[in-house]
Amino acid sequence: MLIEKILEQKGHDCATVRPEASIATVVSVLADRRVGAVVVEDLKGHVVGIFSERDLVKLLALRGADALIVKVREVMISPVITCKPEDRIDSVMATMSERRIRHMPVIANDALSGMISIRDLIRVRLNEKENEAAVLLDLARLHG
């Protein structure tokens, strides 16, 4: 299965912020949108970074309450590891596992097309395995 199939199911909406946004603003976006990461885009809509809950925890451990006034451009992860809609799910899952990341922006035609999470990929894999099990069970019943 391809990444584009996941985006067809979950949609292309993606939480974004500008590089000059404060971490307090980013936290509000994360909470309001109920997401684990935001993509940082410049004024031209180019992906320039990503910031996740994990990054927030690290920043809070280092800076305490002062972390909230930091600009996201100072602490975002850049360059961003991305994928394309035509990438295979197993390949993207391997990259996410190897790089120890939970969120990956999807880029199509040099523009942000959506965001996938490791949870999205696991959900697809579980559905595939459930379907396989159902087919095997049906075959066993026919031959049993």
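Everything discussed here concerns the structure shown above.
This text gives an overview of the structure that appears in the document.

Criteria and thresholds
Residues numbered from 1 in each chain as written. Predicted model: local features only at pLDDT ≥ 70, side-chain atom pairs only at ≥ 80, totals over all residues. Heavy atoms only, no water. Axes fitted to C-alpha atoms, helices over the stretch in contact; angles between N-to-C directions. Helix = DSSP H or I, 4+ residues; strand = E, 2+ residues; numbered from the N terminus. Parallel < 35°, antiparallel > 145°, perpendicular 65-115°, else oblique. Left-handed = near helix turned anticlockwise from the far one by under 90°. Contact = heavy atoms within 4.5 Å. Nonpolar A, V, L, I, M, F, W, Y, C, P; charged D, E, K, R; others polar. Salt bridge = Lys/Arg side-chain N within 4 Å of Asp/Glu carboxyl O. Buried < 20%, exposed > 50% of the residue type's maximum accessible area, 1.4 Å probe, protein only. Core = buried A, V, L, I, M, F, W, Y, C linked by side-chain atoms within 4.5 Å.

### A look at the packing of helix α5 (residues 89-99) against helix α6 (residues 118-143)
Packing of α5 against α6 leaves a shortest axis separation of 10 Å and a crossing angle of 135°. When the axis of α5 is compared with that of α6, the two are oblique. At the point where α5 passes α6, the crossing takes the left-handed sense. In this structure, α5 contributes Ile 89, Asp 90, Val 92, Met 93 and Met 96 to the contact, and α6 contributes Ile 118, Leu 121, Ile 122, Val 124 and Arg 125. Residue composition of the contact of α5 with α6, by class: 8 nonpolar, no polar and 2 charged.

### Structural notes on the pattern of salt bridges
Taken as a whole and judged by the stated rule, the model has 5 salt bridges. Among the ionic pairs, Asp 120 bridges to Lys 10, the shortest N-O distance being 2.8 Å. One end of the pair, Asp 120, is in helix α6; the other, Lys 10, is in helix α1 (residues 3-10), with 110 residues separating them in the sequence. Overall, Asp 120 belongs to the buried group, its relative accessible area being 8%. On the basis of relative accessibility, which here comes to 42%, the residue Lys 10 falls in the partly exposed class.

### Regarding the environment of Ile 50
Relative to the elements of secondary structure, Ile 50 occurs in strand β3 (residues 47-52). Accessibility expressed as a relative area gives 11% for Ile 50, which makes it buried. For the pair Ile 50 and Met 96, spaced 46 residues apart in sequence, the C-alpha to C-alpha distance is 14 Å. Setting aside residues no more than four positions away along its own chain, Ile 50 makes contact with Ala 37, Val 38, Val 40, Asp 55, Met 76, Ile 77, Val 80, His 103, Pro 105 and Met 115.

### Regarding the nonpolar core
Core analysis: the largest hydrophobic core is formed by 16 residues, its most contacted members being Val 17, Ile 23, Val 26, Val 38, Phe 51 and Val 72. The set of elements that each furnish at least two residues to this core consists of α2 (23-33), β2 (37-41) and α3 (53-63). A per-element tally of this core places α2 first, with 4 residues. Sequence-distant contacts of Val 17, that is, excluding residues within four places in its chain, are made with Val 26, Val 29, Val 38, Val 39, Val 40, Glu 41 and Val 72. Membership of the second largest hydrophobic core comes to 12 residues, among which are Cys 83, Ile 89, Val 92 and Met 96.

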